[in-house]
Amino acid sequence: MPQELAYLKESASQTAGPYVHIGLAPGAAGFDIYRQELGHDITGPNAKGQRIRVEGRVIDGMGAPIKDVLLEVWQANAEGHYAHPEGGGPVEDGFRGWGRVISDFDTGEWSFETVKPGTTRGRNVGTQAPHLNFWIVARGINIGLNTRMYFGDEDTANKADPVLNLIEWTHRRATLIAKRSEKGGLPTYRFDIQLQGENETVFFDV
Amino acid sequence: MTRPGEFYQRDRSIQPPAFTPGYKTSVARSPRYSMISLQNSVSEITGPRFGHNDIDAGDNDLLTNYAKAGESPIGERIILHGRVLDENARPVPNTLVEIWQANAGGRYRHKKDTYLAPIDPNFGGCGRTLTDENGYFFFRTVKPGAYPWRNMVNNWRPAHIHVSVFGLGFVQRLITQCYFEGDPLIPICPIVQTIPDAEAIEQLIAKLDLNATVPLDSIAYKFDIVLRGRRSTLFENRLEGN
Ligand SMILES: [Fe+2]
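Being a predicted model, the structure only gives us computed values, none of them experimental. Each residue is numbered by its place in its chain's sequence as written, counting from 1. Working convention: letters from A go to chains and numbers from 1 go to ligands, in the order in which they are written. A pLDDT threshold of at least 70 governs which residues receive local features in this predicted model, and a stricter bar of 80 or more applies before side-chain atom pairs are shown or counted, although totals over entire chains, interfaces and linings include all residues. Hydrogens are left out, water is left out, and the side-chain values use all remaining heavy atoms of the structure.

(A) Region of the structure containing the coordination of the iron ion. Residue and element names in this part refer to chain B. The protein atoms donating to the iron ion are Y108 (OH), Y147 (OH), H160 (NE2) and H162 (NE2), with metal-donor distances spanning 1.9 to 2.2 Å. Distances up to 2.8 Å from the metal define which N, O and S atoms are donors, and 3.2 Å serves for Na, K and Ca; water is absent from the atom set, so sites may look incomplete. Only four donors with every angle between 85 and 135 degrees are called tetrahedral; only four or six donors with opposite donors over 155 degrees apart and all others between 65 and 115 are called square planar or octahedral, in that order; all others are irregular. Taken together, the four donor atoms coordinating the iron ion span angles of 91 to 164 degrees at the metal, a pattern that classifies the geometry as irregular. Considered as a linear motif, the donors of the iron ion on their single chain read Y-x38-Y-x12-H-x1-H. One end of the pair, Y108, is in the loop between β3 (96-101) and β4 (126-130); the other, H162, is in strand β8 (residues 160-165), and 54 residues separate them in sequence. Relative accessibility thresholds used throughout: buried, under 20% of the residue-type maximum; exposed, over 50%; partly exposed, between the two (1.4 Å probe, protein chains only). Among the residues examined, H162 registers a relative accessible area of 4% and is labelled buried. The helix count covers DSSP runs of H or I at least four residues long, the strand count covers runs of E at least two residues long, and both are numbered beginning at the N terminus.

Structure (structure tokens):
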């Protein structure tokens, strides 16, 4: 047959379900099995830069926090390099830049510590403001949701960010910008993710 | 510096939409506005990598990774094996594959699971491995049981194993479920039915693989996983936007 396109199709996504912890965070499911669980330490011991805390909740369309959500974080180091051959440059020994975060079963609150990432180059133009990439799965979420968190104290960089500027509805850009406060000596950024409603967080088809 | 080749746009026509009322929990957990389409920047084409220091060799053997010495979990002993490929049919090497599942009675080892089928003292229910240079992976486990869940009054999940895969870029990240050939619960499962395409459902059904069985020991099922493919950049045209 002429011009047959022999591409395969991506496997279909299915919800991570309520028991995702068994596979990805077994300690939280209530048992100890692996020598080490992955994703607890985002930066490793040698990361330079400002140490920060990030906290938040994922809130459903009824206004209730989701108590069985799992988030993965992917970020550059303080110099704006991702730990990847195409990541823009070298990273500190032990820096992976990836974390796995689960919400509290009673309150839905989650938090983690990391370093503040640096700026990275934009795809076609400009410089991307410091940001964390999030991927969110849970029971009731059929396919992982991608979003980004930007930093409330990076006003100038945020205003020039090519991705934020892509969002036509300027008031919705604020859904991606985490507010800064100080908690226990660490700059702490609050990022509540709204799945629905007037302040629905911007999600990206990446 | 040249711009990175992007991953192919996700084919949403074969992926479940967020809002699927047949699966009730999705109703309040589905975004309603359109997603913003994003060309891949360095943040999207990169992703975490894992090595043999991260996991242990026995992590992929669910028959032994939680069992007491000399004991085994109850259930049908199976091998689940296959390849991680991309849409160009190229293998995805050295990528992390993690699985979790109920035991042979349909019960999860999870503090939130209260189904009356018993916990198996010799079964944890999770495993992980890295694909080899050909994208190949395998696990040994027991076939999970069907279990009831609250959606409609009387819904039962088909036997399934949850599968998480990374790939080489963060946009390839995928969680799916592996079903088993011949299960009559597959076509009536509201979670399976969130997938709008019959062939895409078929692709999630592991096939009996008699050639890979270990005679008198374990029966084998084949399950290949396809992640998004990536473009090799032939022409560089400068686009406005992100
Ligand atoms: Fe399940």
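From this point on, the discussion continues.
(B) Representation of the side chain of T15 of chain A within the structure. With respect to the helices, strands and loops of the structure, T15 of chain A is situated in the segment before α1 (20-24). Contacts described as polar in this section are N or O atom pairs within 3.5 Å, which, within protein, must combine one atom able to donate a hydrogen with one able to accept it, while residues neighboring in sequence count only if both atoms come from side chains. At 2.9 Å, the side chain of T15 of chain A and the backbone oxygen of A138 of chain A are in polar contact. In terms of polar contacts, T15 of chain A uses its side chain to reach the backbone amide nitrogen of G140 of chain A, at 3.5 Å. For T15 of chain A, the residues in contact, after removing those within four places along its chain, are A138, R139, G140, I141 and N142 of chain A together with Y23, H162, I175, Q177 and I191 of chain B. Residue contacts are counted whenever heavy atoms from the two residues lie within 4.5 Å of one another.

(C) Just the interface of chain B and chain A, in detail. With 98 residues of chain B in contact, the opposing surface of chain A contributes 81 residues. When two components associate, each loses some accessible surface as probed by a 1.4 Å sphere; the sum of these losses over both components is called the buried area. Around 8300 Å² of area is buried between chain B and chain A when both sides are counted, 55% of it from carbon and sulfur atoms. One speaks of a salt bridge when a side-chain nitrogen belonging to Lys or Arg is within 4 Å of a carboxyl oxygen belonging to Asp or Glu. Our count for the chain B to chain A interface comes out at eleven salt bridges. Among the ionic pairs, D68 of chain A bridges to R29 of chain B, the shortest N-O distance being 2.9 Å. Just so you know the grouping, Ala, Val, Leu, Ile, Met, Phe, Trp, Tyr, Cys and Pro go in nonpolar, Asp, Glu, Lys and Arg go in charged, and all remaining residues, Gly too, go in polar. Tallied by class, the residues present in the side of chain B that touches chain A amount to 44 nonpolar, 28 polar and 26 charged. As judged from the two bridges shared by strand β13 (residues 204-205) of chain A and strand β1 (residues 36-37) of chain B, these two strands associate in the parallel manner. Paired with D205 of chain A across the strands is S37 of chain B, a residue of β1 of chain B. One requirement defines pairing of two strands: DSSP has to find at least two bridges between them.

(D) Highlighting empty space enclosed by the protein. Definitions used for this entry: grid spacing 1 Å over protein atoms alone; cavity, a set of points where a 1.4 Å probe fits but cannot get out; pocket, an open set with protein on both sides within 12 Å along at least 5 of 7 lines; lining residue, one with an atom within 4 Å of a point. Grid points are joined across faces, edges and corners, and a volume is the space filled by probe spheres set on the points. All chains considered together, the criterion is met by four cavities of 30 Å³ or more. Quantified by volume, the largest cavity comes out at close to 90 Å³. Looking at the largest cavity, the residues that line it are N133, F134, N146, T147, R148, F204 and V206 of chain A together with L38, S43, E44, F170 and V171 of chain B. Sort the elements by how many residues they give to the lining of the largest cavity and strand β9 (residues 145-151) of chain A lands first, with three residues. Among the residues making up the lining of the largest cavity, the classes are represented as six nonpolar, four polar and two charged. The computed volume of the second largest cavity comes to approximately 60 Å³. Taken together, 14 residues make up the lining of the second largest cavity; nearest its centre are S13, V137, I143 and G144 of chain A together with I175 of chain B. For the lining of the second largest cavity, the elements supplying multiple residues, two or more each, are β8 (131-137) of chain A together with β9 (174-180) of chain B. Partitioned by chemical class, the residues of the lining of the second largest cavity number seven nonpolar, five polar and two charged.

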